[in-house]
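Chain by chain, the residues run as shown.
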Amino acid sequence: MKSDGEVSQDEVQRLVGKLSEGGISSDEQKFVQGEMSKPQDLDCLVRAIPNPEVGIQVYAAALMAISVDTNAEREFLRNLARGAGLDRNAVARLHQMVGAPAA
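On a predicted model such as this, the values are computed, not experimentally measured, just so you know. Sequence order sets the numbering: in each chain, residues are counted from 1 along the sequence as written. The predicted nature of this model means local features are confined to residues of pLDDT at least 70 and side-chain atom pairs, given and counted, to a pLDDT of 80 or more, with totals for whole chains, interfaces and linings taken over all residues. The basis for every side-chain value is the complete set of heavy atoms in the structure, and neither hydrogens nor water enter the calculation.

Trainee: Help me understand the packing of helix 4 (residues 52-65) against helix 5 (residues 71-84), please; the structure alone is not making it clear to me.
Mentor: How two helices sit against one another is set out by the angle between their axes and by the gap between those axes. Taken N-terminus to C-terminus, the directions of helix 4 and helix 5 make an angle of 170°; their axes are 9 Å apart at the nearest point. One finds that helix 4 runs roughly antiparallel with respect to helix 5. On helix 5, the residues touching Gly 55, Val 58, Tyr 59, Ala 62 and Leu 63 of helix 4 are Phe 76, Leu 77, Leu 80, Ala 81 and Ala 84. The nonpolar class holds Ala, Val, Leu, Ile, Met, Phe, Trp, Tyr, Cys and Pro. Asp, Glu, Lys and Arg form the charged class, and all remaining residues, Gly among them, are polar. Partitioning the contact of helix 4 with helix 5 into residue classes produces 9 nonpolar, 1 polar and no charged. All axes are obtained by fitting lines to C-alpha atoms, using only the stretch in contact for helices, and the reported angles, taken between N-to-C directions, cover 0 to 180 degrees. Put simply, DSSP H or I for four residues or longer makes a helix, DSSP E for two residues or longer makes a strand, and each gets a number counted from the N terminus. By the definition adopted for this analysis, an angle is roughly parallel if under 35 degrees, roughly antiparallel if over 145, roughly perpendicular if from 65 to 115, and oblique otherwise. Contact criterion: two residues are considered in contact whenever any of their non-hydrogen atoms come within 4.5 Å of each other.

If you want it as structure tokens, here you go:
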């Protein structure tokens, strides 16, 4: 995923699929796909999150789409959580729910 500087088509499809399962609108899905095709700009992505509920869904989708096995991915998730306004407990619950290692 872009969190480690590379994004594969498979990762984009997994992310969009998870967003779809989470009830994100088709316009929001298209936005994420478009953002994934651009150079990494986490600040821009964070600014586009309209509310905390979408922030949780974006973070959860990112968490499920990446393997969280590099420092770059862990840093990306920490910055995404901070930018989306997610507290430490919410992040820990999301990691536990999807069986992902801590960021």
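Back to the text.
Trainee: Which parts of the structure should I look at to understand helix 6 (residues 88-98)?
Mentor: Type-normalised accessible area, obtained with a 1.4 Å probe on protein chains alone, sets the label of each residue: buried when under 20%, exposed when over 50%, and partly exposed for intermediate values. Every buried residue belonging to helix 6 is among Ala 90, Val 91, Leu 94 and His 95, and all of these are buried. All buried residues of helix 6 project into a common sector of 135° when viewed along the axis, lining one side. More than 90 degrees from the buried face of helix 6, the exposed residues found are Arg 88, Asn 89, Gln 96 and Met 97. Those residues of helix 6 that are buried lie in contact with helix 4 and helix 5. Pairs of N or O atoms within 3.5 Å make up the polar contacts considered here, provided that, within protein, one atom can donate a hydrogen while the other can accept it, and that residues adjacent in sequence are counted only when both atoms are side-chain atoms. Where helix 6 starts, the residue carrying a side-chain oxygen 3.0 Å from the main-chain nitrogen of Asn 89 turns out to be Asp 87. Note that the arc is computed from the directions linking the helix axis to the C-beta atoms.

Trainee: What am I meant to see in the packing of helix 4 against helix 6 here?
Mentor: Packing of helix 4 against helix 6 brings their axes to within 10 Å, and their N-to-C directions diverge by 40°. Taken together, the axis directions place helix 4 and helix 6 in an arrangement best described as oblique. As helix 4 packs across helix 6, the resulting crossing turns out to be right-handed. When helix 4 is examined against helix 6, the residues Ile 56, Tyr 59, Ala 60, Leu 63 and Met 64 are found in contact with a partner set consisting of Val 91, Leu 94, His 95 and Val 98. Across the contact of helix 4 with helix 6, the residue classes tally to 8 nonpolar, 1 polar and no charged. Note: crossing handedness is left-handed where the near helix turns anticlockwise from the far helix by less than a right angle, and right-handed where it turns clockwise.

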